[in-house]
Amino acid sequence: MNQQLVTMAVGLGLSQVARRLDLDTPERLFGIRALYFATNAIIFCLYLYIAARVRRRNDNTILKYVEPKPFSGQTGEPPAVVTTTVRNYDLTEVSKAIRGTFMGIAMTMFMHLWMRFTQPLLVSSLTVWIGLWRSNIVRLYLRGQEGAEDLKRPFKPGGPSFMAGSGPQTDKASIEAAEKANLLYRKEEF
């Protein structure tokens with residue numbers, strides 16, 4: 001089954017369970033807030049641990065790929081050729097994961113503090129573990145799935161199937177074509 005569908009089903013199921021519970025009593029509200037805070041603190045610490053493991057491994061293998069720019073067909077800009085190391089790529093992925101965690105915290109806090117909803121605290125305290133478990137960087141550094149085919153860098157986007165072709169390209173022909181397109185684009189600018 002699709003990962004997004006499973007996460008959505010778990011989230012909807014948890015929100016139905018949360019509706020049946022009386023979450024507005026002060027004791028339960030404190031417990032749910034503590035659970036939410038503890039969950040996010042643990043996840044943040046896990047990402048810091050992964051970043052430390054990436055730095056300790058210090059894999060300086062060169063990684064070159066073509067990263068398509070969103071809406072590049074409309075602006076006329078060619079796709080970008082990215083040259084980095086595995087270490088820097090993994091640290092960038094950890095940074096994206098931390099930013100995503102903080103964005104989820106901001107949205108949940110807005111719904112809880114401003115709109116006075118308690119359910120999102122409980123639901124996101126539990127569904128965030130599904131996202132963590134399925135994260136590519138967690139699969140590499142915590143779960144030890146180094147040889148898996150879908151974990152080759154650069155990671156393929158995990159979006160819906162209609163977006164499957166929008167991932168980074170690593171074949172030599174695509175890289176050379178993007179480099180030529182970038183050179184022609186720069187010449188046209190001058």
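Residues numbered from 1 in each chain as written. Predicted model: local features only at pLDDT ≥ 70, side-chain atom pairs only at ≥ 80, totals over all residues. Heavy atoms only, no water.

### What to know about the pattern of salt bridges
Okay, so step 1: For the coordinates displayed, the defined rule picks out four salt bridges.
Okay, so step 2: A salt bridge links Asp 90 to Arg 153; the shortest N-O distance between them is 2.7 Å. Placement of the pair is Asp 90 in helix α4 (residues 86-114) and Arg 153 in the loop between α6 (136-141) and α7 (172-189), with a sequence separation of 63 residues. Across this residue pair, the class does not change: Asp 90 and Arg 153 are buried.
Okay, so step 3: Ionic contacts of the salt-bridge type, sharing partners, join the residues Arg 57, Asp 90, Glu 146 and Arg 153 into one network. (Salt bridge = Lys/Arg side-chain N within 4 Å of Asp/Glu carboxyl O. Helix = DSSP H or I, 4+ residues; strand = E, 2+ residues; numbered from the N terminus. Buried < 20%, exposed > 50% of the residue type's maximum accessible area, 1.4 Å probe, protein only.)

### With respect to the nonpolar core
Okay, so step 1: Residues Tyr 47, Ile 50, Val 94, Ile 137, Val 138 and Tyr 141 are the most contacted members of the largest nonpolar core, which totals 19 residues.
Okay, so step 2: Breaking this core down by element, the ones donating at least two residues are α2 (26-57), β1 (62-67), α4 and α6.
Okay, so step 3: Other than its neighbours up to four places away in sequence, Ile 137 contacts Tyr 47, Ile 50, Asp 90, Glu 93, Val 94, Leu 142 and Phe 155.
Okay, so step 4: If you look at the next biggest cluster of nonpolar residues, it comprises seven residues, including Ala 18, Leu 23, Tyr 36 and Leu 122. (Core = buried A, V, L, I, M, F, W, Y, C linked by side-chain atoms within 4.5 Å. Contact = heavy atoms within 4.5 Å.)

### Remarks on the environment of Arg 87
Okay, so step 1: Relative to the elements of secondary structure, Arg 87 occurs in helix α4.
Okay, so step 2: Sequence separation between Arg 87 and Ile 62 is 25 residues, and the spatial gap between their C-alpha atoms is 9.2 Å.
Okay, so step 3: Excluding residues that lie within four positions of it along the chain, Arg 87 makes contacts with Val 54, Arg 55, Asn 58, Asp 59 and Asn 60.

### Thoughts on helix α1 (residues 3-20)
Okay, so step 1: Under the 1.5 Å per step criterion, the end-to-end length of α1 is 26 Å for 18 residues, consistent within 8% with the ideal 26 Å.
Okay, so step 2: Every buried residue of α1 is accounted for by Gly 11, Ser 15 and Ala 18. Buried residues of α1 fall within an arc of 60° about the axis and therefore sit on the same side. Turned more than 90 degrees off the buried face of α1, the exposed positions are Leu 12 and Arg 20.
Okay, so step 3: In this structure, the buried side of α1 is in contact with α5 (119-134). (Expected span 1.5 Å × (residues − 1). Arc of directions from axis to C-beta.)

### Points about α2
Okay, so step 1: Between its first and last C-alpha atoms α2 spans 46 Å; for 32 residues at 1.5 Å apiece the expected length is 46 Å, and the two agree.
Okay, so step 2: Every buried residue of α2 is accounted for by Leu 29, Ile 32, Tyr 36, Thr 39, Asn 40, Ile 43, Tyr 47, Ile 50, Ala 51 and Val 54.
Okay, so step 3: Residues of α2 that are buried make contact with α4, α5 and α6.
Okay, so step 4: Asn 58 occupies a position one or two residues after α2 and carries a positive phi of about 50°.

### Overview of the packing of α1 against α5
Okay, so step 1: Contact pair α1 / α5: the axes reach a minimum separation of 9 Å and the direction vectors enclose 155°. When the interaxial angle is binned, α1 and α5 end up roughly antiparallel. α5 is crossed by α1, and the crossing has right-handed handedness. Taking contact as the criterion, the partners of Gln 3, Val 6, Thr 7, Val 10, Gly 11, Leu 14, Ser 15, Ala 18 and Arg 19 in α1 are, on α5, Gln 119, Leu 122, Val 123, Leu 126, Thr 127, Ile 130 and Arg 134. (Axes fitted to C-alpha atoms, helices over the stretch in contact; angles between N-to-C directions. Parallel < 35°, antiparallel > 145°, perpendicular 65-115°, else oblique. Left-handed = near helix turned anticlockwise from the far one by under 90°.)

### Examining the side chain of Ser 124
Okay, so step 1: Tracing the sequence through the fold places Ser 124 in helix α5.
Okay, so step 2: A relative accessible area of 18% means that Ser 124 is categorised as buried.
Okay, so step 3: With residues near it in sequence (within four places) discarded, Ser 124 still touches Tyr 36 and Thr 108.

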